[in-house]
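Structural characterization, general
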2 protein chains.
Amino acid sequence: MEPEPEQPHPERLPLRHPGGVSELVLGAGALAAASDELVPWLAGRRVFVVTTPRVWALHGAELQPLLAAASAVERLEVPEGEAAKTLGEAERLWRAMVRAGGKRDSRLLAFGGGSVGDLGGFVAATFLRGISCVQLPTTLLAQVDASIGGKTAVDLPEAKNSVGAFHHPHAVVADTRWLATLDARQRRAGLVEAFKMAYVLDGPQFGAFEALLPGLLAGDPAALATAVPEAAAIKARVVERDPTEQGERALLNFGHTLGHALEAAGGYQGLLHGEAVAWGMLFALRLARRRGLSAASAQRLEQVLRVFALPPLPSVEPETLLTLLGRDKKAREAGVGWVLPVAVGTGRWGVVVPPTEVAAELSEFLRAPLR
Amino acid sequence: MEPEPEQPHPERLPLRHPGGVSELVLGAGALAAASDELVPWLAGRRVFVVTTPRVWALHGAELQPLLAAASAVERLEVPEGEAAKTLGEAERLWRAMVRAGGKRDSRLLAFGGGSVGDLGGFVAATFLRGISCVQLPTTLLAQVDASIGGKTAVDLPEAKNSVGAFHHPHAVVADTRWLATLDARQRRAGLVEAFKMAYVLDGPQFGAFEALLPGLLAGDPAALATAVPEAAAIKARVVERDPTEQGERALLNFGHTLGHALEAAGGYQGLLHGEAVAWGMLFALRLARRRGLSAASAQRLEQVLRVFALPPLPSVEPETLLTLLGRDKKAREAGVGWVLPVAVGTGRWGVVVPPTEVAAELSEFLRAPLR
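Once that is clear, we can look at the overall build of chain A. Counting its secondary structure elements, chain A contains 14 helices and 11 strands. When the backbone C-alpha atoms are referred to their principal axes, chain A occupies close to 60 × 45 × 35 Å. Expressed as a percentage of its 371 residues, the buried residues of chain A come to 60%. Taking the intrachain contacts of chain A between residues at least 6 apart in sequence as the baseline, contacts between residues at least 24 apart amount to 76%. As displayed, chain A has an accessible area near 13,400 Å², and 54% of this comes from carbon and sulfur atoms. Here chain A holds 38 positive side-chain charges and 40 negative ones, and the gap between their average locations is 4 Å.

It is worth spelling out the pattern of salt bridges at this point. Tallied over the full model, the rule gives 54 salt bridges over all chains. Here Arg99 of chain B makes a salt bridge to Glu158 of chain A, at a shortest N to O gap of 2.7 Å. Highlighted residues: Arg99 of chain B in helix H5 (residues 87-99) and Glu158 of chain A in the loop between strand S7 (151-156) and strand S8 (159-166), drawn from two different chains. Residue Arg300 of chain B pairs with Glu210 of chain B through a salt bridge whose shortest N-O separation is 2.7 Å.

Superposing chain B onto chain A takes a rotation of 180° combined with a translation of 0.0 Å along the rotation axis, leaving an RMSD of 0.0 Å. Seen this way, the second copy is the image of the first under a two-fold rotation axis. Judged by C-alpha distance, Pro18 of chain B is the residue of chain B that lies nearest the rotation axis, at 3.9 Å.

This part takes up the sheet that holds strand S6 (residues 132-137) of chain B. Residues and elements named next belong to chain B. In spatial order, the strands read S1-S2-S9-S6-S5-S3-S4; together these 7 strands make up an open sheet with mixed pairing. This sheet does not close on itself; its edge strands, each paired only once, are strand S1 (11-17) and strand S4 (72-77). Averaged over all neighbouring strand pairs, the angle between strand axes comes to 15°, with direction disregarded. Both strand S5 (residues 107-112) and S6 contribute to a ladder of 6 bridges, which runs parallel. If you follow Arg107 over to S6, its bridge partner there is Ser132. Helix H10 (residues 221-241) contacts S1 and strand S2 (20-27) of the sheet and is inclined by roughly 15° relative to S1.

Let us now look at helix H8 (residues 203-218) of chain A. Residue and element names in this part refer to chain A. Its 16 residues place the ends of H8 23 Å apart at the C-alpha level, agreeing with the 22 Å of an ideal helix rising 1.5 Å per residue. At Leu212, H8 shows its maximal kink, close to 60°; a proline, Pro214, follows between one and four residues later. Taken together, the buried positions of H8 are occupied by Gly203, Gln205, Phe206, Phe209, Leu213 and Leu216. Where H8 is buried, its residues contact helix H7 (184-201), helix H9 (221-241) and helix H12 (295-307). N-capping of H8 is provided by Asp202, with a side-chain oxygen placed 3.1 Å from the backbone N of Gln205. Gly219, located one to two residues past H8, shows a positive phi value of around 75°.

Our focus in this paragraph is the nonpolar core. Residues Tyr199, Phe254, Leu258, Phe308 and Trp338 of chain A are the most contacted members of the largest nonpolar core, which totals 75 residues. Sequence-distant contacts of Phe308 of chain A, that is, excluding residues within four places in its chain, are made with Arg188, Leu191, Val192, Phe195, Leu213 and Leu217 of chain A. Counting 74 residues, the second-largest nonpolar core is a separate cluster that includes Leu140, Ile148, Leu271 and Val351 of chain B.

Once that is clear, we can look at the side chain of Glu357 of chain B. All names here are of chain B. Relative to the elements of secondary structure, Glu357 occurs in helix H15 (residues 355-367). We classify Glu357 as buried; its relative accessible area is 14%. For Glu357, the residues in contact, after removing those within four places along its chain, are Leu287, Arg290 and Arg291.

As a further point, take the interface of chain B and chain A. Taken residue by residue, the interface counts 41 residues in chain B and 42 residues in chain A. For the pair chain B and chain A, the summed buried area comes to about 3,600 Å², and 57% of that belongs to carbon and sulfur atoms. Across the contact surface, chain B and chain A share 6 salt bridges. Linking Glu158 of chain B and Arg95 of chain A is a salt bridge whose minimum nitrogen-to-oxygen distance equals 3.0 Å. Across the chain B-chain A interface, the total number found is 14 residue pairs in polar contact (both at pLDDT 80 or more). Of all elements in the fold, only H5, helix H6 (114-126), strand S7 (151-154) and strand S8 (163-166) of chain B reach the threshold of two or more residues within the side of chain B that touches chain A. A per-element tally of the side of chain B that touches chain A places H5 of chain B first, with 6 residues.

Cut-offs used in this document
- Residues numbered from 1 in each chain as written.
- Chains lettered and ligands numbered in written order.
- Predicted model: local features only at pLDDT ≥ 70, side-chain atom pairs only at ≥ 80, totals over all residues.
- Heavy atoms only, no water.
- Helix = DSSP H or I, 4+ residues; strand = E, 2+ residues; numbered from the N terminus.
- Buried < 20%, exposed > 50% of the residue type's maximum accessible area, 1.4 Å probe, protein only.
- Contact = heavy atoms within 4.5 Å.
- Areas by Shrake-Rupley, 256 points an atom, 1.4 Å probe, with all protein chains shown as cover.
- Lys, Arg positive; Asp, Glu negative; His and termini not counted.
- Charge placed at Lys NZ, Arg CZ, Asp CG, Glu CD.
- Salt bridge = Lys/Arg side-chain N within 4 Å of Asp/Glu carboxyl O.
- Least-squares fit on C-alpha atoms with pLDDT ≥ 70 in both.
- Pairing = 2+ DSSP bridges.
- Axes fitted to C-alpha atoms, helices over the stretch in contact; angles between N-to-C directions.
- Expected span 1.5 Å × (residues − 1).
- Bend = angle between axes of the 7 residues up to and from the residue.
- Polar contact = N/O pair within 3.5 Å; in protein donor to acceptor, adjacent residues only side chain to side chain.
- Core = buried A, V, L, I, M, F, W, Y, C linked by side-chain atoms within 4.5 Å.
- Buried area = accessible area lost by both parts, 1.4 Å probe.

Now the structure itself:
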């Protein structure tokens with residue numbers, strides 16, 4: 001396939017991190033554009049492809065020209081969605097990799113959505129104390145957010161993402177053509193993260209995303225090929241400044257504090273991750289309004305999220321959510337640190353909100369989430 | 001207790017690594033000497049102590065003055081020896097830590113031998129993508145080798161140390177008084193690693209260890225308090241130069257290529273790790289002799305190991321060992337890279353030996369291991 005004439009060429013963004021550089025290649029035709037980097041990286045190596053049956057059936061054939069360079073290819077299929085992110089799946093993969101003769105200079109490709117990237121990245125981070133991997137994100141959420149920045153993890157029954165590592169990929173190749181097979185709900189859930197980043201980190205970009213919104217919602221290829229590199233660039237820059245989330249990187253958790261609690265309360269069923277984050281942002285806006293965020297600024301994000309037509313909140317007691325909030329991974333001994341916007345494009349992280357205020361605001365929110 | 005007059009004061013060695021500095025405090029009374037660093041690090045934090053029932057019963061009371069500074073202390077007991085290094089044990093610890101309210105700024109102490117350090121370090125490396133830990137090694141092997149340098153791992157049924165991470169501790173505190181409760185066999189197994197390092201990295205130090213040998217074998221506290229910081233210093237310097245084992249650090253694997261295969265062949269029962277490494281060094285000396293190592297140089301190490309009165313080799317077919325050698329973690333796609341000494345104090349790593357030569361030499365070695 002030739003790129004559609006209206007689609008921009010893939011973008012290249014190097015992401016510098018303490019261990020070196022990850023090359024990000026993003027846009028329509030990114031896979032073909034990255035083959036000059038990927039072929040020598042794969043040449044003569046044993047390659048493990050972590051993917052799902054669905055992703056492989058849809059797009060696996062596109063990898064064949066690259067995989068031909070490998071000395072051996074082992075495909076490791078995992079379940080769709082959060083079900084992939086268990087210690088049991090990780091163990092199955094590690095053992096299969098040892099038995100297949102995996103070595104320290106073997107390669108791993110994580111080819112799928114955010115769950116495949118999180119699991120595949122974690123397995124690469126810890127197999128023989130770390131092998132090199134490339135992220136090939138196929139969903140919008142993974143392309144704009146999850147695949148970038150080296151965070152990897154699996155879940156425990158008690159809490160999501162509670163076992164993991166920072167492990168930067170050799171490259172991230174996000175071909176926006178893969179997004180054509182996403183349904184509208186998955187697409188919206190991914191857009192949430194793009195708007196999230198811009199809202200707390202880049203005001204002008206938030207405006208640009210607002211202007212692109214109709215095209216993005218419709219799945220227009222040119223709009224997606226424009227927005228994905230722009231969102232990824234916001235994330236890459238903040239990760240460069242704060243690779244292990246000692247400070248500013250925490251801004252990316254905007255909406256995630258309550259979002260994670262909502263996901264846990266629903267047993268990770270019902271709401272998609274992006275949808276839970278959207279509800280979490282709407283709640284954070286309320287706390288932010290009491291700390292100086294203007295009504296007009298809050299309304300801009302509320303308006304976008306209203307267009308997304310979120311599924312309803314799970315019916316859950318405030319007490320349950322408050323307990324889950326206390327388990328938040330970002331919590332310090334001092335308490336939960338909230339990410340709260342100050343204005344469009346600027347946020348604060350580590351904001352400690354009195355528990356009584358959270359409890360009161362939460363009861364009201366659960367009663368009438370959309371004002 | 002006052003330090004015995006003949007024992008030197010604890011040594012302090014900073015180990016610089018890509019993520020910062022680990023402070024090594026080693027010798028008689030190291031725990032007391034390190035309390036100025038440890039108390040502020042623990043103060044007000046939730047602290048997880050990974051240990052074994054035996055180590056806790058013998059030495060746990062000594063930690064009490066430090067632990068008094070913590071906001072909460074959770075003791076996590078694991079089995080003795082290699083049985084601790086399973087994914088099942090890691091999972092049990094991670095889940096207990098989530099349930100006990102562990103946070104990113106919680107602390108972990110690994111208090112025990114090499115297995116406790118490997119498991120505890122791995123759990124710290126991956127809990128919430130990494131929390132800060134301190135290694136408190138109680139065996140000679142852990143004090144001179146395993147606790148230093150940030151390597152952590154658990155085993156898979158297929159291969160030892162196959163799941164792990166590099167995670168440098170905040171500090172390593174090796175109090176040589178803890179060694180008084182070791183039996184002579186454990187002590188000898190630890191000494192193997194000290195002689196190993198000096199033999200391939202520091203000739204004058206090898207001579208110094210030879211001179212100390214009678215005292216070390218007898219468990220003389222002053223000899224141990226001298227040798228532990230000296231061995232740790234060799235290791236710390238090579239880790240600083242090559243933190244992730246891209247090159248020179250591989251010298252520390254001298255004797256480990258065959259050693260790991262012997263351990264695996266015996267189902268990790270029978271030989272202690274240090275004993276398997278000693279047999280592995282004796283085998284490597286044969287390969288090295290064919291590549292220019294002088295008879296006199298080989299004899300110096302053979303003489304030391306002879307004094308150690310190693311238990312016999314497990315009865316195992318050469319073919320089994322050759323298969324296990326192919327699985328070696330340090331193997332690259334190109335084949336197993338051997339560490340072979342060139343002279344006392346100098347070694348080469350990544351030496352590829354033709355498989356036919358390994359097979360022939362191995363048959364002879366198994367028939368008559370001590371020439």
